[in-house]
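# Overview (structure and organization)
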Amino acid sequence: MDNSHITKSIQALADLDLGQMYLNDFFLTWDKTDDELAAVFQVADILRTLRDSNISPKVFDSGLAVSLFRDHSTRTRFSFSSACNLLGLSVQDLDEGKSQIAHGETVRETANMISFLSDVIGIRDDMYLGAGHTYMKEVAQAVQQGYEEKVLPQRPTLVNLQCDIDHPTQTMSDALHLIKTFGGLDQLKGKKIAMTWAYSPSYGKPLSVPQGVIGLMTRFGMDVSFAYPEGYNVMDEVVEVARDNAQKSGGRFEIASSMADAFKDADIVYPKSWAPYHVMEQRTELLRAGDEKGLKDLESQCLENNRKHISWECNRDLMNTTKGGSALYMHCLPADITGVSCEKGEVSADVFDQYRVPQYIQAGYKPYVIAAMIFLSKFENPAGKLMEVFENNTSRM
Amino acid sequence: MDNSHITKSIQALADLDLGQMYLNDFFLTWDKTDDELAAVFQVADILRTLRDSNISPKVFDSGLAVSLFRDHSTRTRFSFSSACNLLGLSVQDLDEGKSQIAHGETVRETANMISFLSDVIGIRDDMYLGAGHTYMKEVAQAVQQGYEEKVLPQRPTLVNLQCDIDHPTQTMSDALHLIKTFGGLDQLKGKKIAMTWAYSPSYGKPLSVPQGVIGLMTRFGMDVSFAYPEGYNVMDEVVEVARDNAQKSGGRFEIASSMADAFKDADIVYPKSWAPYHVMEQRTELLRAGDEKGLKDLESQCLENNRKHISWECNRDLMNTTKGGSALYMHCLPADITGVSCEKGEVSADVFDQYRVPQYIQAGYKPYVIAAMIFLSKFENPAGKLMEVFENNTSRM
Amino acid sequence: MDNSHITKSIQALADLDLGQMYLNDFFLTWDKTDDELAAVFQVADILRTLRDSNISPKVFDSGLAVSLFRDHSTRTRFSFSSACNLLGLSVQDLDEGKSQIAHGETVRETANMISFLSDVIGIRDDMYLGAGHTYMKEVAQAVQQGYEEKVLPQRPTLVNLQCDIDHPTQTMSDALHLIKTFGGLDQLKGKKIAMTWAYSPSYGKPLSVPQGVIGLMTRFGMDVSFAYPEGYNVMDEVVEVARDNAQKSGGRFEIASSMADAFKDADIVYPKSWAPYHVMEQRTELLRAGDEKGLKDLESQCLENNRKHISWECNRDLMNTTKGGSALYMHCLPADITGVSCEKGEVSADVFDQYRVPQYIQAGYKPYVIAAMIFLSKFENPAGKLMEVFENNTSRM
């Protein structure tokens, strides 16, 4: 390992203003200051360098991390599990099907009951519009209150593993991938990123990734082009966030109405399907009402509507219109790949395949981003702690 | 941390006669001597003080703890998981649905197969009357035999996480809560506790909590008033245990026929629903026979019968009749709260809310009680081991 | 502990040629050289001796082990979990039902997504003929590629926890049991082992155990008698492997047509039911086609066919014909025991019971065999590492 690289990184971390991170949660990237985001990138990078150098950053001797997944998950589940294991925490899954939660427990009660010896709570709740973020805030309030009432000896940190509004562990990994690809956070300024809708033969995909991407990438002075077919808009509040961010950071934010416009001269493209906001709203109501017939009807309508936009596919012709014909293609995975996972999808097989390795690398930042969020919440002086880990030099294996 | 407090606590532990705890199981509180129970309280308290002082009592470098939950569980699952993690054990769930147990395995075989490197087995089995405790004993016998036959290199400790007879990790936590609230085990002498039935719009709740409470609280010279509507009696054997205990400890045990009688001048009240013994017996037979129709009929009858006693609700008026109008309200949670989790339930919302924090604190002792049970079974000289942990002073984080 | 025993064992390990074990997988025993198999036995035995002497061989400070069970499992699941825990790895289950694998992910993608911080992947996939082994190879190729492409910082080791061809963690445990029972690997030369079919009232049992046994036991110069009713043959390729092995090792391999012939003068008997190869082929096709009716019909035919061979039961009379009437009886468990788990099964209750303890001991080697496979793949100089563990002398508890 390059010792000077790591000590320089730790020094750069020490120079940041970590203001509110200690003992705090991570819900939305736009809750955080620029320095706080920079700290996450920095700590993630340092943790990765340490582990890659066989130095164990196991800062907990024992401790529990609770995971609650209200939707299917492979990569986020393993990323959370890996992050916790790296720091020394054991994951205990809160499987609502196996719990007594249905027996009239309140959120406040459950939150306290699972937290007596827990340092972290990671939640994925992206199915119901207006629900996921609200639920996470309730859990956070409950454990904060429990901590103040001396019910809990420590305040567990909440990590948003995807809600209805944002997917910060994904988008922060995406951003770290850009930082690494383009050679630094400061190198992102002026780069054009096309966050666009893409056709998929399924429906009901969450809004949190496109929302999270426009809410985050506008922070770095980037030129964010957001494109989708008419009617596929996302939450207004997040569009406002993106606009504000762009203005403050000296970047740009525009809504385009075609993939072609967004891709034109782009440095980065992120084509991905999602369901229109108003559909997600209807779906939430129908799910709540348990209206199976209504859900079926909505699905049919949506799929039919999606099919009108089957031409929104990221393919070679479109890629050729990007900067030098070689924009970086990104996806949060799994992607709907034409001729591979479906007849017609978000991306052509040749484009996907060309960028397979970078996409996997992109995904590989997530465990470290999660670990960094936990780390920054748990240590008042994270730079000092990381220097201690580095100097202790305990072998991981 | 107050060092003299902890060394005094460890000294007090050293003064107890731990007779049969080493390499032994924890099934029923009435299997244990007074000193053995006192040791559990003492070790639980010391473990908590250590962890709260950021000293890690991780006494296992590696080792497995098996959990088997035959009923839904949130707090007991997390308590067990927390306790094992605190001591350094990893939990591996025995999910009977995912196992080959149906393929003709005997209890003896399974017990050995899961125990080759296991230090602890925690079981919750409270659904079938006459089954849970028996099953745990069979598992204990099997691993004892396996140990003697040199099949197993160590004898895993059984911890009863709730059976059809007792729920010792719950009631010992309840008792520790009383000890802390009233200022010592010796302060419980003469205190009146009302363990009473309460109305719930559900049926089939286990008997183990009321049975466990009358079987344990009578040990400490308390005045235990046990009240329930006609027909809602519990196991005769446990009532006998309670009577005997009261006589030996210089306390009192009486069966009252109204909540009002039991609450009168009580220092502590524990109103909680349960199903009549004879109903649980019928239910067990019907469950075994897979008689769905019979179960439905039984449920209807029971709910109808319960409704006759809808007035058995712990509310402000009743609380006003307790000692100074301020008895400590207890519940094992989750409670059926009138107007919150059901139309009419075990407790009024105002009373529940007034005691919400103490109840959460009550629940918070469970991880430490479980850890203490494991600790006392694993170390021949627990006081010495705790002193070692204290002196090593390894930071938890 | 006998120190000279352990240092001698480590020296014996150091003398072996470990050729391809480092950073390699364990799929089939016949992929491995004699020295490589001997190394697994040696390391398993050393790890066991260390743990039995309360010395912790926890060589990983942190790290993840992924388990993927595509069939029910008790003993293999706990063995894998125990092995990983012993070495310091945390198990994260890849539950395909809870993952996004259905959402169009490829094997390559999933394999990389779960492996960013994973050291081991254990897979059980024995249901579909022609699928399990192929799938494991695909996963191995994917992580190898991911490692070479710098997607993964380490190359996770694949451990075959049972496929359609072999069940190496089972058969290596079986062999270690024989080594211990007969006093050494060299003592197996010339010993007669009867691997025979036995009647069971169920159908569709995998071929991997009988195939694995004939593929392994022929390595040690044993006299392997393989008996089954007409039509119950296994994969031709594995029979070829067994024949070749026998020739090279100076042992014998014969196919007998009755239990009686195979048992005659046998030192060891391993009577166990399996489904005929052609039935497993049909079953695979029907399972793939989702043909429920076809599966039902196939099951009826098979059970009827099985019943023609109801006399293939290991009982006292047959045992009396073995060497000195006291051959070692083996089973991978759970067994179908006449009058216990079924009316008529693979073995009579008296024979099973006589050998209950040895069978449990046989099963108890599996955690150490799995740990040894992992260990040998992770350390280039395993003898040196084990000596380090021995000298460090860290207490397990």
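A quick note: this is a predicted structure, and the numbers were derived from the prediction, not measured.

Before going further, it helps to examine the overall build of chain A. A count of helices and strands for chain A gives 16 helices and nine strands. Relative to the globule expectation of 21 Å for 397 residues, the C-alpha radius of gyration of chain A, 21 Å, shows essentially globular dimensions. Here chain A holds 397 residues, and the buried ones make up 57% of them. Here the contacts in chain A between residues at least 6 apart in sequence split such that 83% fall between residues at least 24 apart.

A word on helix H6 (residues 168–182) of chain B. Residues and elements named next belong to chain B. Look at H6: 20 Å from first C-alpha to last across 15 residues, which is about the 21 Å you get at 1.5 Å a residue. Pro 168, Thr 169, Gln 170, Thr 171, Met 172, Ser 173, Asp 174, Ala 175, Leu 176, His 177, Leu 178 and Ile 179 are the residues of H6 that are buried. In the stretch just after H6, Gly 183 is the one whose phi turns positive, near 90°.

Residues and elements named next belong to chain C. On the secondary structure map, Gln 42 appears in helix H2 (residues 34–52). Judged by the 25 C-beta atoms lying within 10 Å of it, Gln 42 is buried. Separated by 86 residues in the primary sequence, Gln 42 and Tyr 128 place their C-alpha atoms 33 Å from one another. Beyond its immediate chain neighbours, meaning those up to four positions away, Gln 42 contacts Ser 9, Ala 12 and Leu 13.

Before going further, it helps to spend a moment on the interface of chain A and chain C. Listed as interface residues are 29 residues of chain A and, on the opposing side, 27 residues of chain C. Going through the elements one at a time, helix H3 (75–87) and helix H14 (356–363) of chain A are the ones with two or more residues in the side of chain A that touches chain C. Ranked by residues supplied to the side of chain A that touches chain C, first place goes to H3(A) with six residues.

By a simple turn and slide, chain A fits onto chain C: the slide is 0.0 Å along the axis, the RMSD is 0.0 Å, and the turn is 120°. Look at the turn and shift together and you get a three-fold axis relating the two. No C-alpha of chain A approaches the rotation axis more nearly than that of A:Ser90, which lies at 4.6 Å. A different interface surface on each copy is seen, since only 3% of the contact residues of chain A are contact residues in chain C too.

Moving on: the sheet that holds strand S2 (residues 90–93) of chain C. Hydrogen bonds along the backbone pair up the strands of a sheet, which may run parallel or antiparallel. Residues and elements named next belong to chain C. Strand order in this open sheet of four strands is S2-S1-S3-S4, and the pairing throughout is parallel. Edge strands, defined here as strands with exactly one partner in the open sheet, are S2 and strand S4 (157–160). Ignoring which end each strand starts from, the neighbouring axes of this sheet average 25° apart. With four bridges joining them, strand S1 (residues 64–69) and S2 adopt parallel strand pairing. Looking at S2, one finds that Leu 64 is bridged to Ser 90. Contacting strand S3 (118–124) and S4, helix H15 (residues 366–378) crosses the sheet at an angle of about 155° to S4.

It takes a turn of 120° to lay chain B on chain C, together with a shift of 0.0 Å along the axis; the resulting RMSD is 0.0 Å. When the interface residues of chain B are mapped onto chain C, a mere 4% of them are again interface residues, pointing to distinct binding faces.

Residues and elements named next belong to chain C. Close contact between helix H10 (residues 277–289) and helix H11 (residues 292–307) brings their axes to 9 Å; oriented N to C, the two are set at 160°. Accordingly, the angle class assigned to the pair H10 and H11 is roughly antiparallel. When you trace H10 past H11, the crossing you get is left-handed. In this structure, H10 contributes Val 279, Gln 282, Arg 283, Leu 286 and Leu 287 to the contact, and H11 contributes Gly 294, Leu 295, Leu 298 and Cys 302. Considering only residue class, the contact of H10 with H11 consists of six nonpolar, two polar and one charged.

A separate point is the sheet that holds strand S6 (residues 223–227) of chain C. Residues and elements named next belong to chain C. Taking strand neighbours across the sheet as the criterion, the five strands line up as S7-S6-S5-S8-S9 in an open arrangement whose pairing is parallel. A single partner strand is all that each edge strand has here, and the edge strands are strand S7 (252–256) and strand S9 (328–329). Alignment of strand S5 (residues 192–196) against S6, held across five bridges, turns out to be parallel. Each bridged residue has a counterpart across the sheet, and for Ala 194 the counterpart in S6 is Ser 225.

Thresholds applied
Residues numbered from 1 in each chain as written. Chains lettered and ligands numbered in written order. Predicted model: local features only at pLDDT ≥ 70, side-chain atom pairs only at ≥ 80, totals over all residues. Helix = DSSP H or I, 4+ residues; strand = E, 2+ residues; numbered from the N terminus. Rg over C-alpha atoms; globule rule 2.2 N^0.38 Å. Buried ≥ 20, exposed ≤ 12 C-beta atoms within 10 Å, placed from the backbone. Contact = placed C-beta atoms within 7 Å. Expected span 1.5 Å × (residues − 1). Least-squares fit on C-alpha atoms with pLDDT ≥ 70 in both. Pairing = 2+ DSSP bridges. Axes fitted to C-alpha atoms, helices over the stretch in contact; angles between N-to-C directions. Parallel < 35°, antiparallel > 145°, perpendicular 65-115°, else oblique. Left-handed = near helix turned anticlockwise from the far one by under 90°. Nonpolar A, V, L, I, M, F, W, Y, C, P; charged D, E, K, R; others polar.

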